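Residue strings, one per chain:
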Amino acid sequence: SEFVSDLVKRVKPSATIAVSMKAAELKRAGKDVIGLGAGEPDFDTPDHIKKAAIEAIQQGKTKYTAVDGTPELKQAILGKLLRENHVSYQANEILVSCGAKHSISNLLCAVINPGDEVIIPTPYWVSYPDMTLLAGGKSVLVETNIDADFKLTADQLNQAITSKTKLVMLNSPSNPTGKAYTQAELVAIGEVILAHPKVLIATDDIYEHIYWGQEPLVNLVALFPALKDRVIIINGVSKAYAMTGWRIGFAAGNAEIITAMRKVQSQSTSNPCSISQAAATAAYNGPQDCLMVMKTAFKERHDYLVSALNDLPGVKCSAGNGAFYAFPDVSALVKQIDGVHDDVELSTWLLENAGVAVVPGTPFGAPGYVRLSFATSIDVLKDAINRIACAVKPHF
Ligand code: PLP
């Protein structure tokens, strides 16, 4: 440990990846484990996208590309932003990276000075605070309320902003809560940002296509063209097109910030995989019906899982309107089980006593909750719920 830097010692490994690995390890050891920890669609990448990748290999598109992405993919991303989000960008305002996670990491490295504050509403995606730490920044966690559907209010944002605030991280629909900001909520947030000209805001839109709320999702830049220079849109193909392993994400924002991010990328990974870029180009330019097929399946699973969770004793789960996670309050269940004192111990207990892997809420900044992914078939979800019910019922 004398060789490991003090900074890296302070960084926690990703809890969600840890749970998936533990479940996989138990499975390999012959244990019957249902993994509801992973944050990736169970669907296969659509055929036309795979075909584009195979053709790219055959055509020799196997060399370095421009650091910031191929002109074809950047064009496809510009088209997607215009078509789906009603925002207009130029090629020099786009940076393609190795997944949306890499885009966020590049952004933090490019804009954070030591001690700069990043406002992160809780519950948050596990990686935001540790990525902020790695970039030398300071996370300012703002606890949201279940009555506000776990969304940051304009008042809370206003109070959290200081002279050191550099960036606000917004994720909608949210991992882990499944909640999305309404237009009215986004307008209120946008007005606060407008009033603070030194503050940037990143919108992590990675789950935008897995959304079934009443009103359409709106883009902050479409609502506030005056904020265009201070919003960094983060998105990618991982969740929408079932392409988690291909590692393609992108950032769209003002050219100065994007150029700085490109510089970071040019001195770390260089271009993302050329073959994956060809696949992502096909994803954005090709037929879009796969999006609806997957969304419909996710909605059906969501409806089943939320209602089944609410039927379990000691579990309370509110409905989400996007992403593929249920995020129930299990604090009443924790109290019932001897030897279990919190959500972390409950998750271990569920793995050992029900053979179901879930992720505790604590690493998302939400003790008392657990996250269950429903990116798996209804039959598997039913099996998981039955197992949890059998394990839990004797304790009531
Ligand atoms: N943002 C959020 C909120 C996520 O949940 C994830 C993946 O779990 C990502 C970003 C990263 O996506 P990618 O696989 O494109 O890096």
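Residues numbered from 1 in each chain as written. Predicted model: local features only at pLDDT ≥ 70, side-chain atom pairs only at ≥ 80, totals over all residues.

Under an unreviewed UniProt entry, the name given to the chain is Aminotransferase, and the organism recorded is Marinicella litoralis. For the chain, the Cofactor (unreviewed entry) comment in UniProt is given as "pyridoxal 5'-phosphate". The UniProt entry for the chain carries the following text under Sequence similarities (unreviewed entry): "Belongs to the class-I pyridoxal-phosphate-dependent aminotransferase family." (UniProt positions renumbered as here; feature names shortened; annotations may be inferred.)

Trainee: How would you sum up the overall build of the chain? Please name residues and give values.
Mentor: Regarding its fold elements, the chain presents 15 helices and 12 strands. On C-alpha atoms alone, the chain measures out to a radius of gyration of 21 Å, which is about the 21 Å that the 2.2 N^0.38 rule sets for 396 residues. Structurally, the chain occupies a C-alpha span of about 60 × 55 × 55 Å along its principal axes. Here the chain holds 396 residues, and 49% of them are scored as buried. Summarising the internal contacts of the chain: among those between residues at least 6 apart in sequence, 73% fall at separations of at least 24. (Helix = DSSP H or I, 4+ residues; strand = E, 2+ residues; numbered from the N terminus. Rg over C-alpha atoms; globule rule 2.2 N^0.38 Å. Buried ≥ 20, exposed ≤ 12 C-beta atoms within 10 Å, placed from the backbone. Contact = placed C-beta atoms within 7 Å.)

Trainee: Quick rundown of the UniProt feature "domain: Aminotransferase class I/classII large" (unreviewed entry) in the chain? Include the residues and the values.
Mentor: Per the UniProt record, the feature "domain: Aminotransferase class I/classII large" (unreviewed entry) sits at residues 31–388. The span residues 31–388 carries 40% helix and 14% strand; its end-to-end C-alpha distance comes to 16 Å.

Trainee: With reference to specific residues and values, describe the domain arrangement of the chain.
Mentor: What the domain assignment reports for the chain is domain 1 (6–44 + 290–395) and domain 2 (48–285). On a C-alpha basis, the centroid separation for the pair domain 1 and domain 2 is 26 Å. Take the side of domain 1 that touches domain 2: its biggest share by element is six residues, from helix α12 (residues 289–310). Its residues assigned to classes, the side of domain 1 that touches domain 2 shows 17 nonpolar, nine polar and seven charged. (Domains from an automatic or database assignment. Nonpolar A, V, L, I, M, F, W, Y, C, P; charged D, E, K, R; others polar.)

Trainee: How would you summarise unusual backbone geometry if you had to cite specific residues and measurements?
Mentor: At the junction of threonine 122 and proline 123, the peptide bond is cis and its omega measures out at -5° in the coordinates. When you line up the elements, proline 123 lands in the loop between β3 (117–122) and α6 (127–134). Across the junction of serine 172 and proline 173, the peptide omega takes the value -15°, indicating a cis bond. With respect to the secondary-structure elements, proline 173 resides in the loop between β5 (165–171) and α8 (183–194).

Trainee: I'd like to hear about the environment of serine 174, residue by residue, with values.
Mentor: Its place among the elements puts serine 174 in the loop between β5 and α8. Each C-alpha atom of the pair serine 174 and proline 367 lies 17 Å from the other, and the pair is 193 residues apart in sequence. Apart from the residues within four sequence positions on either side, serine 174 is in contact with Phe150, Lys179 and Ala323.

Trainee: Mind laying out the pairing of strand β2 (residues 94–97), listing which residues take part and the relevant values?
Mentor: Of the two faces of β2, both are covered, the one formed by Ile94 and Val96 as well as the one formed by Leu95 and Ser97. Pairing between β2 and strand β8 (residues 249–252): four bridges, direction antiparallel. Bridge pairing in β8 links serine 97 to glycine 249. (Pairing = 2+ DSSP bridges.)

Trainee: Help me get a handle on the site of the ligand, residues and values and all.
Mentor: The environment of the ligand is formed by 13 residues, the closest being Gly99, Ala100, Lys101, Asn175 and Ser238. Considering only residue class, the shell around the ligand consists of three nonpolar, eight polar and two charged. (Near = placed C-beta within 6 Å.)

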